Amino acid sequence: MKDKVSEIVKKYNKDKSQLVSILQDIQAEYNYLPREALNKLSKKLDIPQSQIYSMATFFRAFSLKPRGKHIINVCLGTACHVRGGELIAESLERQLNVKRGGTTADGKFTLESVNCMGCCATGPVVKIDEEYFGHMTNDKVEPMLKKY
Amino acid sequence: MSETVTLTIDGKKYTAERGRTVLQVATDNGIRIPTLCHNEAIEPYGACRLCVVEVTRGSRTRIVTSCLYPVEEGLIVQTASDRVIRNRKMLLDLLLARCSENEVIKNLAAEYGVTQPSFRQEYWEKNDCIVCGLCVRACEQVVGVSAISLVNRGISKEPAPPFLEKATDCIGCGSCYYVCPTHAIKMEDKNGVRRIHNWKVEFKLKKCSKCGIYWAPEAQLEYIRRKADLPVGFFDICPNCR
Amino acid sequence: MPSKLKSPKALEALQKKLGKVADAGKVSISVCNGTACRPYGSNPVVEAFKTEIEKRGVADKIDFRITGCHGFCERGPVALIQPGNIFYQKIQVDDIPEIVEKTLLNRIVIERLLFKNDSVGNIQAQVDIPFYKKQQRIILGNNVKIDPTSIEDYIAIGGYSALSKSLFELKPEQIIDMVKASGLRGRGGGGFPTGAKWESCRNAHGDIKYVIVNADEGDPGAYANEGLLSGNPHSVLEGLIIGAYAIGAHQGYIYVRNEYPLALKNITIAMQQAEKLGLLGKDILGSGFDFNVRINRGGGAFVCGESTALMASLEGKPGEPRAKYIHTVEKGLWERPSDLNNVETWANIPLIINNGPEWFSAIGSSGNTGTKIFSLTGKVNNTGLVEVPLGIKLRDIIFDIGGGIRDGKKFKAVQTGGPSGGCLPESMLDLPVNFDELTKAGSMMGSGGMIVMDEDNCMVDVARYFLTFLEEESCGKCVPCREGIKRMRQILNDICDGKGQESDIDLLKELGAHLQDSALCALGSSAPNPVLTTINYFHDEYMAHIRDKKCPAGVCKALIHFYIKDNCPGCGLCVKACPTNAITFVEKRKPVILDQSKCIKCRTCYDICKMGAVGIE
Ligand SMILES: Cc1cc2nc3c(=O)[nH]c(=O)nc-3n(C[C@H](O)[C@H](O)[C@H](O)COP(=O)(O)O)c2cc1C
Ligand code: SF4
Ligand code: FES
Ligand code: FES
Ligand code: FES
């Protein structure tokens, strides 16, 4: 863990202003922001822990809890909302038996909501890892999940 | 550019140094503008919005926060116009709904005739903190420690220690406690121990080796001693006995 | 990759060389692999093309290009074939051998893949398709001509010639004068005149200045900036370098929304290529002008699109806005003069330099010149990215370009400006779309979202939707925004739940006026817009919720229930689909039975029924 954080900090030349990018790289490495990594980062960058925690909780992109193997993003942007995005989100919650932001008991999926992924024309949209699913309806949810 | 400007506040002309804020100039001249998130020792922040005033510059009149707005030549300020009062009332209405049992907020709201929030009672909350950020800013700007910060955003924003656990960097100085306008920070000194409940910390207090009173947290004294490069044992005696 | 270009002549020579290759009379195909085509499977389509071309060994006969968004995302994956301007839509992997064999190698058009129109039949040429007809694609039109990851493609169509002209033929002041004369107004929402902003920043005190691209596109439901940045990143970069030169900045930033991986990737590649060619970095094109750019990813916060919050976040701090009594062109990033412009604003710059300000100001109407890209989404037939001259009527966009409302439903409202904007009703459809008219109507231009709603959308629900969004996205610093939005959302919740009172409307209006006056930044001061416009234009719908406890659009769950109509043939499709087993099968040709106590109003049966036998009331 030590070395990964050091490496990332080095990549950004210890530049404190790049904190968001640094946190993103740490999250990409560990799938979430582990506490030890943040403490380490605080020392490396000489930024108080409190301020790193403040950043990590301000931005929606960061998770302080471990996340599942697959990340499901259900779009709740306006374009998806007017075409029933909320119902798709509820359907996912039912089938996975987790709330938004939660991870399934088997650690397979984390369900997150986003506000627009830039493909509104095909809404409602769900993205699982790197794959996009457009024109979602409730009955497409189950077959979609089965692929994973 | 001259170093002073002339402006009108509530119909009267005043001269003021350039660079000062409307709030400072008003206060200097005995005009009271209510504030909650302001403290002269700390950078203005503009969060509570209670200090709103109406300013006119040329043909444009608008609502601004006086704690941030710099004085300008020819500026016309109204600190208690109908529009100002209307906005302040609504602010206090909103604050009262958030802090429905806080005495400071209740009294301030009552001053403006707001005795009860306009919102359905089931939604009233019982917070004491108004998220003015003074505690966080004092800790960062005055004390130089940053043991706490504002965490989360939107309606969940609050001052808190990292990871919502014990504030490990805290030195127990109590600045946050003294600066909090709504007494939301609970601090007590008892039996030689200081506790700040909000940040989940406790500190041993230093006992004066002469008079025997507990006079300050050891951690704070050690922090000052190091910063000021004072000799070990410098704080064994309290200021009264020195 | 060509070597470093050390003079304008070298760029010109490269351009000539690349241009010739492009004109060689080969058949060319541009296949869209933009973000919106991906849910339709454009990735496998692109791969299949590559395989097919290789398998047949015809790579030297076909100019194959993977591009960004063509605009007509509704019909994705799409492709454009030249010569002939042939537009294929809804391409599937199975179609590819046939496309290569017939159209690319033998110039035979495949009718099946053309756009069909009920009245006219099949339309072959892209320009003749109603979706494209009323558009004026001066910016987006280039997407189809270039592979966004190839700087050669961009240079071949004249890319970076505006930069070269700026650096060698124009003085910074002249550039600013041209931008001023063009009448260009910022495309990020507020519509502030770009030339004037540049001038203030140039004139501001300080040796170090910054130029910044706002690619945060926070409006949830707009992807116009995404389509531009991922489809033609060099155009934005070129505009930025020109602006830096005009303003006197040597450092730039591009702040990209975190949810846009493709845009992020393509702009990163573009920067690396520009650097390699000497179009970015030290001594650009041998002019002596140095300029560097850093890309920053957002962290998923709408408020970071606001200028001061964006700058705070570039400094490594949480995205909290601050009061702008001292403008950011004077004291912005690191307290230094900073010019921030939207992606689309920047992309307009090379066009103005190349074609002249008169050419630009001839497009649109006076005070609102040029074009604007909108992401047309929601309940229209033709969703996608459209670029129109400012001043065009809403009706033209929604009904001519957008092809009207889906499934023969009735138009109800169009939302522009995102969470800061408003919902406009049918009576406003003849409104010319420009900065001033939209603001007058209580909405906003915003960064280009245009979401069309039909009779099945509830306006109270939409207002609540935006406030729920804003409640989460508010930075939480100032009281009016943090507390006010929460209260407004609670009131709207109550109305949607049938617990509203008539006095709620007045309270909402009062809160709205208060936020407009007192909030710290424009997130808070514009937050009431979705509520106030819906109250203003759809008052009856609010009253139906409050007085009659009914949701006329059939959306608000507490006020509706589902029922089975007599025409249900008992096919049983819904019985299987219902997640709570609330529907029971009786027998064939007899309506199924819905148990209200089990129904969770998830709408699955309503959507799945092919007979329209599920009703909502
Ligand atoms: C809450 C909020 C969000 C904003 N989001 C964006 C955005 O996503 N993109 C953008 O270009 N401007 C956004 N703006 C406007 C910017 O503050 C700024 O005015 C704009 O980027 C200036 O560029 P322009 O002059 O080219 O329009 C936002 C403003 C507010 C108040
Ligand atoms: S605890 Fe007190 S000082 Fe700190 S943010 Fe809350 S109200 Fe302000
Ligand atoms: S609103 Fe869902 S992708 Fe844009
Ligand atoms: S005192 Fe000015 S905003 Fe709080
Ligand atoms: S993304 Fe392919 S046409 Fe828009």
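This structure is a prediction, so every number in the text was calculated from the model and none was measured.

Engineer: Help me get a handle on the packing of helix α6 (residues 85–96) of chain A against helix α7 (residues 138–146) of chain A, residues and values and all.
Structural biologist: Residues and elements named next belong to chain A. Contact geometry for α6 and α7: axes closest at 9 Å, N-to-C directions at 45 degrees. If you check the angle between α6 and α7, you find them oblique. In the crossing of α6 with α7, the sense of the turn from one axis to the other is right-handed. Residues L87, I88, S91, L92, Q95 and L96 of α6 form the contact with α7, whose own contacting residues are N138, V141, E142, M144 and L145. Residues of the contact of α6 with α7, tallied by class, amount to 7 nonpolar, 3 polar and 1 charged.

Engineer: Break down the interface of chain A and chain C for me, citing the residues and quoting the values.
Structural biologist: Contact residues are listed per partner, giving 41 residues for chain A and 63 residues for chain C. Where chain A abuts chain C, roughly 3,900 Å² becomes buried across the two surfaces, and 57% of that area is made up of carbon and sulfur atoms. Per-residue buried area on chain A facing chain C is highest for F58(A), T78(A) and V82(A); these three make up 16% of the total on that side. Counting across the interface, chain A meets chain C through 5 salt bridges. Of the charged contacts in the structure, one is a salt bridge between E472(C) and R60(A), with a shortest N-O distance of 2.5 Å. Taken together, the connections running from chain A to chain C amount to 25 residue pairs in polar contact (both at pLDDT 80 or more).

Engineer: Tell me what's going on with the domain arrangement of chain A, and back it up with residues and numbers.
Structural biologist: A common measure of how large an interface is: the accessible area buried when the components associate. On domain assignment, one finds that chain A holds domain 1 (2–58) and domain 2 (70–146). Computed from C-alpha coordinates alone, the two centres of domain 1 of chain A and domain 2 of chain A are separated by 29 Å.

Engineer: How would you explain the domain arrangement of chain B if you had to name every residue and give the values?
Structural biologist: Residues and elements named next belong to chain B. Domain boundaries in chain B define domain 1 (4–80), domain 2 (84–123) and domain 3 (138–241). At the junction of the two partners, domain 1 supplies 6 residues and domain 3 supplies 6 residues. Between domain 1 and domain 3 the total buried area reaches about 460 Å² when both faces are included, carbon and sulfur atoms providing 65% of it. On the domain 1 side of the contact with domain 3, L36, I42 and Y45 bury the most area, a combined 71% of that side's loss. In this structure, the connection of domain 1 to domain 3 is made through 1 residue pair in polar contact (both at pLDDT 80 or more). Split by residue class, the side of domain 1 that touches domain 3 holds 4 nonpolar, 1 polar and 1 charged.

Engineer: Which residues make up the site of ligand 2, and what values go with them?
Structural biologist: In the vicinity of ligand 2 there are 13 residues, among which C129(B), C132(B), G133(B), C135(B) and C180(B) approach most closely. Split by residue class, the shell around ligand 2 holds 11 nonpolar, 2 polar and no charged.

Engineer: If you had to explain the site of ligand 1 to someone new, which residues and values would you point to?
Structural biologist: Residue and element names in this part refer to chain C. Taken together, 18 residues are adjacent to ligand 1, and G188, K197, G218, N342 and T345 come closest. Here an oxygen atom of ligand 1 sits 3.1 Å away from a polar atom, N or O, in the main chain of E217. In this structure, G218 approaches ligand 1 through a main-chain N or O atom, which is 2.9 Å from an oxygen atom. Contact with the protein chains removes 89% of the 600 Å² of surface that ligand 1 exposes when unbound. Of all the secondary-structure elements, those providing two or more residues to the shell around ligand 1 are β10 (338–342) and α20 (522–526). For the shell around ligand 1, the leading source of residues is β10, giving 3 residues. Across the shell around ligand 1, the residue classes tally to 4 nonpolar, 9 polar and 5 charged.

Engineer: With reference to specific residues and values, describe the sheet that holds strand β10 (residues 201–207) of chain B.
Structural biologist: Residue and element names in this part refer to chain B. Read from one edge of the open sheet, 4 strands run β8-β9-β10-β11, paired in antiparallel fashion. Edge strands, defined here as strands with exactly one partner in the open sheet, are β8 (187–190) and β11 (214–217). This sheet shows a mean twist of 30 degrees between the axes of neighbouring strands, independent of strand direction. Two elements, strand β9 (residues 193–196) and β10, share 4 bridges in a ladder whose sense is antiparallel.

Engineer: Before we move on, can you summarise the interface of chain C and chain B with the specific residues and values?
Structural biologist: Listed by partner, the interface residues are 34 residues for chain C and 33 residues for chain B. Here chain C packs against chain B, burying approximately 3,000 Å² in sum over the two surfaces, 52% of which is carbon and sulfur. For the chain C face of the interface with chain B, the top three residues by lost area are Y325(C), R487(C) and D517(C), together amounting to 24%. Along the contact surface separating chain C from chain B lie 8 salt bridges. Between R120(B) and D504(C) there is a salt bridge, and its shortest N-O distance comes to 2.7 Å.

Criteria and cut-off values
Residues numbered from 1 in each chain as written. Chains lettered and ligands numbered in written order. Predicted model: local features only at pLDDT ≥ 70, side-chain atom pairs only at ≥ 80, totals over all residues. Heavy atoms only, no water. Axes fitted to C-alpha atoms, helices over the stretch in contact; angles between N-to-C directions. Helix = DSSP H or I, 4+ residues; strand = E, 2+ residues; numbered from the N terminus. Parallel < 35°, antiparallel > 145°, perpendicular 65-115°, else oblique. Left-handed = near helix turned anticlockwise from the far one by under 90°. Contact = heavy atoms within 4.5 Å. Nonpolar A, V, L, I, M, F, W, Y, C, P; charged D, E, K, R; others polar. Buried area = accessible area lost by both parts, 1.4 Å probe. Salt bridge = Lys/Arg side-chain N within 4 Å of Asp/Glu carboxyl O. Polar contact = N/O pair within 3.5 Å; in protein donor to acceptor, adjacent residues only side chain to side chain. Domains from an automatic or database assignment. Near = heavy atom within 4 Å. Areas by Shrake-Rupley, 256 points an atom, 1.4 Å probe, with all protein chains shown as cover. Pairing = 2+ DSSP bridges.

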